[in-house]
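Summary of structural features
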Amino acid sequence: MRVMAQVAMVMNLDKCIGCHTCSVTCKQAWTNRAGTEYVWFNNVETRPGQGYPRRYEDQEKWKGGWRLNRREQLRLRTGGRLQKLATIFASPVQPTLADYYEPWTYDYENLISAPLGDDIPVARPKSLITGEDMKITWSANWDDDLGGSAATEELDPIMQKLRDEAADKITFSFEQTFMFYLPRICEHCLNPSCMASCPSGAIYKREEDGIVLVDQDRCRGWRQCITGCPYKKIYYNHRTGKAEKCTFCYPRIEVGQPTVCSETCVGRLRYIGLFLYDADAVTAAASVPDERDLYEAQLELMLDPADPKVLAAARAEGIPDDWIDAARRSPVYALAKKYRVALPLHPEYRTMPMVWYVPPLSPIVDLLTEQGHDGESHDNLFGAIDTLRIPLEYLAELFSAGDVSVVEDVLKKLAAMRSYMRDVALGREPDARIPARVGMDEESMTEMYHLMAIAKYADRYVIPTAHAEEGHRLEEMACSLDYDDGPGMYESGPFGEASGRATPVSVETFQALKQRQTTDRAADATALRDRVNLLNWDGNGSPVSRSSSEVEARDA
């Protein structure tokens, strides 16, 4: 048993209101630069819907993730080395710009500079790719206006599958429509197919916390990782020729802060914590023959942080005691394994995803009340689970490889918690039979309620800080406030527009963003020096090659 730590996230879909705050803040922090106009490391999809890029779940077309060969061994859907070599220069399964969307801006200059006349000037949409006028026909959240309609049913891969398998079970009349929101980021998988697909070995999984990153120096822009990722959460920057992806905000994680999307989430639906897992067992867990067994196999990978054998093995692997303590208090471990209410997204892809979801409980209370029943009674709630407005089959295709019983058990626990806590809130004697019916006791149900409904900041985000003695293994180990040239005083960056000292990326990004937002000119090419930070470079100019003697003279 080789114990390793993995930073993971849980999202409670019952709380998501589809406000896209997480998407916008992530966009501003990580993809607000040339070449990433179409890129959304975090996006919120309306289900049913096509998703982003369009129909990314159709692996018969996109060939993402893993499959088992005839000898029940894991193989990439895109094929082996010979197949990759044959398609390395022109992969036939790459999403096109139309599958994402053509990014645009508006001609605001026309509103300001149009001459006086009888006509009212307009701000036409302009393509950020070609600069020409364009018609807006698609975007990353286009399904927002179509949620639950027959239009989305025709194009949603999961609905097509359900329609073919059980057309008589789901009716899409207007009165019976359903919808919910599904936020998505990179899954930072335990068995990432993107990493296995990269010909140049640029994608790696950090040993200390499991975050999957792209080494920009080694990336050669083959784009095989985009094909290999079944979630299509790796993007190609057409200005830099490099692949980019969600970084799980690792500079924030290293200092104990949650990701930007979690910090700014209006619904407080995101939880971040640690898993301890057995790295030696990942391949075997991802190779179970029956797809419906993948969820349980993934749970088996998650080790009990209170087990003395696990603790001894973790310490033997060099995991610090404060990280082990964080694993004990981890909200993601509690929701995923202790209470078993959080499920992985598409476990059938066999990537062992580390972003988990609490499936939404349909609004059945009001419906039961309208029919003259006690909408909060556990008997009525349990009886209505099978006839929820959101079909169990749909949720099962998302979170349990089609196993309806897994999703049904989760929804029953959520319904039981709602019914049990109503008695507590009203000062009535709690009914111990309610948690017992879903395999829980009163204490654990109360703890689950406090975590899911009223958890404080410190309970939702249990993130151990990086250790100074491990600094050589980290990309960055510093805080902007430790530097005299911190926010408000720093004029440029270490690797960006005016490359200089080795200062934290957070400082450099802050100042580079400030300069771009407050200046009327592009980056000065003559100011560029040795290296370029792809997190903030606006694509203007190129780094100047200098001899070592010149660099030494400059530093002196």
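Residues numbered from 1 in each chain as written. Predicted model: local features only at pLDDT ≥ 70, side-chain atom pairs only at ≥ 80, totals over all residues. Heavy atoms only, no water.

By the naming in an unreviewed UniProt entry, the protein is Nitrate reductase subunit beta, taken from Gordonia iterans. In UniProt, the protein has this text filed under Subcellular location (unreviewed entry): "Cell envelope". (UniProt positions renumbered as here; feature names shortened; annotations may be inferred.)

Omega for the bond connecting R47 with P48 falls within 30 degrees of zero, at 0°, which places this linkage in the cis form. In this fold, P48 is placed in the loop between β2 (43–47) and α2 (59–62). Residue Y52 is joined to P53 through a cis peptide bond whose omega torsion reads -5°. With respect to the element layout, P53 can be found in the loop between β2 and α2. Unlike most non-glycine residues, K63 shows phi in positive territory, near 60°. Summarising the element assignment, K63 is placed in the loop between α2 and β3 (66–68). (Helix = DSSP H or I, 4+ residues; strand = E, 2+ residues; numbered from the N terminus.)

Whether parallel or antiparallel, the strands of a sheet pair through hydrogen bonds between backbone atoms. Judged by pairing direction, the sheet is mixed, and its four strands sit side by side in the order β12-β1-β14-β13 without closing on themselves. One side of each edge strand has no neighbouring strand; the edge strands of this open sheet are β12 (270–278) and β13 (343–344). In this sheet, strand β14 (residues 355–358) lies alongside strand β1 (residues 3–12) in parallel orientation, the contact comprising four bridges. Bridged to M9 within β14 is V355. Along the sheet, helix α16 (residues 331–338) makes contact with β1, β12 and β14, crossing β12 at roughly 70°. (Pairing = 2+ DSSP bridges. Contact = heavy atoms within 4.5 Å. Axes fitted to C-alpha atoms, helices over the stretch in contact; angles between N-to-C directions.)

This brings us to the pattern of salt bridges. On inspection of all chains with the given rule, the structure shows 20 salt bridges. Of the charged contacts in the structure, one is a salt bridge between D325 and R329, with a shortest N-O distance of 3.1 Å. Judged by its relative accessible area of 47%, R329 falls in the partly exposed class. The structure contains a network of salt bridges with shared partners spanning E45, R47, E57, D156 and R184. (Salt bridge = Lys/Arg side-chain N within 4 Å of Asp/Glu carboxyl O. Buried < 20%, exposed > 50% of the residue type's maximum accessible area, 1.4 Å probe, protein only.)

A few words now on the pairing of strand β11 (residues 242–245). Along β11, one buried face is formed by K242 and E244 and the opposite face, lined by A243 and K245, is buried too. Sheet topology places strand β10 (residues 234–237) next to β11; four bridges connect them, and they run antiparallel. Directly across from Y236, in β11, lies its bridge partner A243. Here β10 folds back onto β11 in antiparallel fashion, the turn holding four residues, of which G241 has a positive phi close to 75°.

Next up on the list: the environment of R460. Tracing the sequence through the fold places R460 in helix α23 (residues 457–460). With 192 residues separating them in the primary sequence, R460 and R268 have C-alpha atoms 8.6 Å apart. What R460 contacts, discounting residues up to four positions off in sequence, is R268, R270, Y271, I272, P331 and A455. Of note is the side chain of R460, whose polar atom sits 3.0 Å from the side chain of Y461. (Polar contact = N/O pair within 3.5 Å; in protein donor to acceptor, adjacent residues only side chain to side chain.)

The subject of this paragraph is a negative patch on the surface. A cluster of acidic residues, E429, D441, E442 and E443, forms a negative patch on the protein surface. Within the secondary structure layout, E429 lies in the loop between α20 (404–425) and α21 (433–437). For E429, a relative accessible area of 70% translates into the label exposed. (Patch = residues over 30% accessible without salt bridge, like charges linked within 9 Å, V, L, I, M, F, W, Y side chains within 5 Å. Areas by Shrake-Rupley, 256 points an atom, 1.4 Å probe, with all protein chains shown as cover. Lys, Arg positive; Asp, Glu negative; His and termini not counted. Charge placed at Lys NZ, Arg CZ, Asp CG, Glu CD.)

What follows deals with a nonpolar patch on the surface. Taken together, the side chains of Y106, Y108, L111 and I112 present a nonpolar region at the surface, about 430 Å² in accessible area. In terms of residue count, the dominant contributor to the nonpolar patch is helix α5 (residues 108–113) (three residues). Mapped onto the elements, Y108 comes out in helix α5.

A separate point is the packing of aromatic side chains. With the rule as written, the count across this model stands at 15 aromatic pairs. Here the aromatic rings of Y52 and Y100 are separated by 5.7 Å at their centres, their planes lie at 70°, and the arrangement is edge-to-face. Of this pair, Y52 sits in the loop between β2 and α2 while Y100 sits in helix α4 (residues 97–100), placing them 48 residues apart in sequence. Each member of the pair, Y52 together with Y100, is buried. Joined through ring pairs, the aromatic side chains of Y38, F41, Y52, Y100, Y101, W104 and Y235 make up one cluster. Sitting above the plane of the W40 ring, K27 keeps its charged end 5.0 Å from the centroid. (Phe/Tyr/Trp six-rings, centres within 6.5 Å; stacked < 30°, edge-to-face > 60°. Lys NZ or Arg CZ within 6 Å of the ring centre and 35° of its normal.)

Here Q6 lies in strand β1. You can call Q6 buried: its relative accessible area is 0%. Here H188 takes part through its backbone oxygen, which lies 3.5 Å from a polar atom of the side chain of Q6. Reaching out from Q6, the side chain makes a polar contact with the backbone oxygen of G210 at a distance of 3.4 Å.

Attention now goes to the nonpolar core. Of all hydrophobic cores here, the largest spans 134 residues; its most connected members are F275, L335, W356, F399 and M452. The dominant element in this core, judged by the number of residues it contributes, is α20, at ten residues. Excluding residues within four positions of it along the chain, L335 makes contact with V10, Y271, R340, V341, A342, L451 and M452. (Core = buried A, V, L, I, M, F, W, Y, C linked by side-chain atoms within 4.5 Å.)

To continue, consider the packing of helix α14 (residues 308–316) against helix α15 (residues 321–328). Relative orientation of the contacting elements α14 and α15 amounts to 145°, with a least axis distance of 10 Å. Both α14 and α15 take part in a crossing whose hand is right-handed. On the side of α14, the interface is formed by L311, A314 and R315, while α15 contributes D321, I324 and R328. (Left-handed = near helix turned anticlockwise from the far one by under 90°.)

Right, let's talk about α14 for a bit. When we look at burial in α14, the residues that qualify are V310, L311, A313 and A314. Mapping the buried residues of α14 onto a view down its axis gives an arc of 165°, with all of them on the same face. With respect to the buried face of α14, the exposed residues turned more than 90 degrees away are P308, K309 and A316. Looking at the packing, one finds that the buried side of α14 touches β1, β12 and α15. At the N-terminal end of α14, a side-chain oxygen is found 3.0 Å from the backbone nitrogen of K309, two or three residues along, and the residue is D307. Where α14 ends, the next residue or the one after it, G318, has phi of about 85°, a positive value. (Arc of directions from axis to C-beta.)

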